[in-house]
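# Structural features, examined
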Amino acid sequence: MTSLFLLPGQPAAAQAKDPANLTELRKEAERSAKELEDATKALEQRRATIAATEKQLKEKLDALQAAERNLAVSRRPVAEMAQLLYEEPFGQGVVPFMTGEANIKTLRAMADSGQMVAVRQQAVQQTSQLYQQTEKLAAEAQELRAGNLLAEAQMSAEIDTLRKRSDKVVKSLTAALVKLGIKIDKVGRGALGCNPLQVTLANDYPNGLIPSKLLCPLQQRGHLLRADAAIAFVSLNEAYRKQFGKQICVTDAYRSLAEQQSVYYRRPGFAAVPGRSNHGLGLAVDLCGGVQNFRSVQFNWLEKNGKRYGWIHPDWAYSSPFEPWHWEYDPKADSIL
Ligand SMILES: [Zn+2]
């Protein structure tokens, strides 16, 4: 398990340089995602406001119900009073809301003195006020509900537009990456939860200094690669598993600068100069499980099938230095797009 020694004149592997329009696309994709996120947040806030106004609405409707009950009650005395006065203008009968001798007398006095008219008018006025109140509440409730429905619909339409735009930008970005030879494999991406757009972000960092959050994990625990290399490796691993009934054995993948230095000083002349290894770009693996033995069944299978997934055994590794275990990802060799 040594690292790659870069021969003079050897192309600096498959590190596709980020052209200006790709950087622009990436920025636009990030902007779109941000806008979508902001709009979604605004919608959530709007929904919270709507929930609060729905609560107000419920209170109004409750008030409306109470007002209607009052209305029914206030109407009763008027009707009952009229009825009673009609049947027994000065009688001894039971008056439900005025009992006792004194009240009957009062009632007679009222009827006699014309005060009855005032009481009646007061009751009618009260009824009319309550009626106006219920009308007002009903109108307010209706307006509130209509406003909420409209706001919700407008917000959803806006989010929909932003989502469509974001999808479109991501599609353009993906197409640009594919054009550069960066492989986008939906199956591999799903299996790893790995975002291929991270490739362009990882490319901003020097060899051996890529933050691990911009790299993608392999199914082989503890090993990381650049997103596109990882995604392709997952597919290769799947084909290998079908053939040999087990996963590819990995001893080393991405190597940080510190790790490269450690290997370099332990085995001077063998490992690549720190900062120049493809392991530091997350584009190389050292393999075991038989592959490390030149012309083993596993080595031969990988040599024949690896390039379909962009994974190759570089020419130098056949002889100088002889490293049968060392394999590299070359997106341009990747034929499964
Ligand atoms: Zn290596």
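Let me begin by describing the structure that accompanies this report. Remember, it's a predicted structure, so these values are computed and weren't measured experimentally. Numbering of residues starts from 1 in each chain and follows the order in which that chain's sequence is written. Owing to the predicted nature of the model, reporting of local features is limited to residues with pLDDT of at least 70; listing and counting of side-chain atom pairs is limited to 80 or more, with chain, interface and lining totals taken over all residues. As a rule here, side-chain values cover all heavy atoms of the structure and leave hydrogens and water aside.

### Brief notes about the packing of aromatic side chains
Working definition: rings of Phe, Tyr and Trp (its six-membered ring) pair if their centres are within 6.5 Å, and the pair is stacked with planes under 30 degrees apart, edge-to-face with planes over 60 apart, and tilted otherwise. The tally for this structure, following the rule as stated, stands at 10 aromatic pairs. Taking 5.1 Å as the distance between ring centres and 70 degrees as the angle between the ring planes, the aromatic pair formed by Phe 294 and Phe 299 counts as edge-to-face. Within the aromatic cluster, the residues linked to one another by ring pairs are Phe 294, Phe 299, Tyr 318, Phe 322 and Trp 327.

### Observations regarding the pairing of strand E4 (residues 284-288)
The element E4 is largely enclosed, with a buried count of five among its five residues. Only protein chains enter the accessibility calculation, which uses a 1.4 Å probe. A residue is then buried if its area is under 20% of the maximum for its type, exposed if over 50%, and partly exposed in between. By the criteria applied, helices consist of DSSP H or I runs no shorter than four residues and strands consist of E runs no shorter than two, each listed in order from the N terminus. The alternating pattern of E4 places Ala 284, Asp 286 and Cys 288 on one face and Val 285 and Leu 287 on the opposite face, and all of these are buried. Two strands make a pair as long as DSSP finds a minimum of two bridges between them. As paired strands, strand E3 (residues 249-252) and E4 are joined by three bridges and run antiparallel to one another. Bridge pairing links Asp 252 to Asp 286 in E4.

### Here we look at the state of the cysteines
Disulfides are defined in this document as cysteine sulfur pairs within 2.5 Å. Throughout the structure, instances matching the rule amount to one disulfide. Between the sulfur of Cys 249 and that of Cys 288 lies a disulfide, 1.8 Å long from S to S. The S-S bond linking Cys 249 to Cys 288 shows a torsion near -85 degrees; that makes this disulfide left-handed. Placement of the pair is Cys 249 in strand E3 and Cys 288 in strand E4, with a sequence separation of 39 residues.

### Quick word on the pattern of salt bridges
The salt bridge criterion pairs a side-chain nitrogen of Lys or Arg with a carboxyl oxygen of Asp or Glu, the two atoms within 4 Å. Enumeration over the complete set of coordinates arrives at six salt bridges. With a shortest N-O distance of 3.3 Å, Lys 164 and Asp 160 are connected by a salt bridge. With a gap of four residues between them, Lys 164 and Asp 160 both fall in helix H3 (residues 115-179), about one helical turn apart. In this structure, the salt-bridge partner of Arg 241 is Glu 238, at a minimum N-O distance of 2.5 Å. In this pair, Arg 241 and Glu 238 are both assigned in helix H6 (residues 227-244), three residues apart and thus about one turn of the helix distant. One network of salt bridges, with partners in common, ties together Asp 252, Arg 255 and Asp 286.

### A closer look at the coordination of the zinc ion
Four donors placed tetrahedrally about a metal ideally form angles of 109.5 degrees, and six donors placed octahedrally ideally form angles of 90 or 180 degrees. In this listing, donors mean N, O and S atoms no farther than 2.8 Å from the metal, or 3.2 Å for Na, K and Ca; water is missing from the atoms, so a site can look incomplete. Taken together, His 279 (NE2), Asp 286 (OD) and His 326 (ND1) make up the full set of protein donors to the zinc ion, lying 2.0 to 2.1 Å away. Expressed as a motif, the donor residue spacing for the zinc ion is H-x6-D-x39-H. Here His 279, found in the loop between helix H7 (257-266) and E4, pairs with His 326, found in strand E6 (residues 326-334); they are 47 residues apart in sequence, far enough to count as distant. His 326 carries the same exposure label as His 279, and that label is buried.

### Comments concerning the nonpolar core
Soluble globular proteins: nonpolar side chains tend toward being buried together. Put simply, buried Ala, Val, Leu, Ile, Met, Phe, Trp, Tyr and Cys residues joined by side-chain atoms within 4.5 Å make one nonpolar core. If you look at the biggest cluster of nonpolar residues, it comprises 29 residues, and the most contacted ones within it are Leu 225, Phe 233, Leu 287, Leu 302 and Trp 311. Elements with a minimum of two residues in this core: H6, E4, helix H8 (297-305), strand E5 (309-312) and E6. Here this core takes nine residues from H6, the largest share from any one element. When neighbours within four sequence positions are excluded, Leu 287 is seen to be in contact with Phe 233, Ile 248, Cys 249, Val 250, Thr 251, Gln 292, Leu 302, Trp 325 and Trp 327. Counting six residues, the second-largest nonpolar core is a separate cluster that includes Leu 36, Ala 39, Leu 43 and Leu 162. Contacts were defined at the residue level, with two residues in contact if any of their heavy atoms lie within 4.5 Å.

### Focus: the packing of H6 against H8
Close contact between H6 and H8 brings their axes to 12 Å; oriented N to C, the two are set at 135 degrees. Comparing their axes, H8 and H6 come out oblique. The chirality of how H6 crosses H8 is right-handed. Along the contact surface, H6 presents Leu 236, Ala 239, Tyr 240, Gln 243 and Phe 244, while H8 presents Val 297, Gln 298, Trp 301 and Leu 302. Three residue categories are used. Nonpolar comprises Ala, Val, Leu, Ile, Met, Phe, Trp, Tyr, Cys and Pro, charged comprises Asp, Glu, Lys and Arg, and polar comprises the others, including Gly. For the contact of H6 with H8, the class distribution of residues is seven nonpolar, two polar and no charged. Lines fitted to the C-alpha atoms define the axes, with helices restricted to the stretch that makes contact. Angles between their N-to-C directions range from 0 to 180 degrees. An angle counts as roughly parallel when it lies under 35 degrees, as roughly antiparallel when it exceeds 145, as roughly perpendicular when it falls between 65 and 115, and as oblique in every other case. For any pair of crossing helices, the crossing counts as left-handed if the nearer helix is rotated counterclockwise from the farther one by less than a right angle, and right-handed if it is rotated clockwise.

### Quick notes on unusual backbone geometry
Despite not being glycine, Arg 295 has its phi angle at roughly 70 degrees, a positive value. By the element assignment, Arg 295 lies in the loop between E4 and H8. On the basis of relative accessible area, Arg 295 is assigned to the partly exposed category, the value being 43%.

### Some details on the side chain of Asp 286
By the secondary structure assignment, Asp 286 is in strand E4. Polar contacts, as used here, are pairs of N or O atoms within 3.5 Å; protein pairs need one atom able to donate a hydrogen and one able to accept it. Residues neighboring in sequence count only if both atoms are side-chain atoms. In this structure the side chain of Asp 286 is engaged in a polar contact, spanning 3.3 Å, whose partner is the side chain of His 326.

### Overview of H8
By the burial criterion, the buried members of H8 are Phe 299, Trp 301, Leu 302 and Asn 305. Along the axis of H8, the buried positions cluster into a sector of 165 degrees, meaning they face one direction only. To be clear, the arc concerns the directions from the helix axis to the C-beta atoms.

### Let's talk about the environment of Arg 163
Relative to the elements of secondary structure, Arg 163 occurs in helix H3. Sequence separation of Arg 163 and Thr 40 is 123 residues, and the distance between their C-alpha atoms is 9.9 Å.

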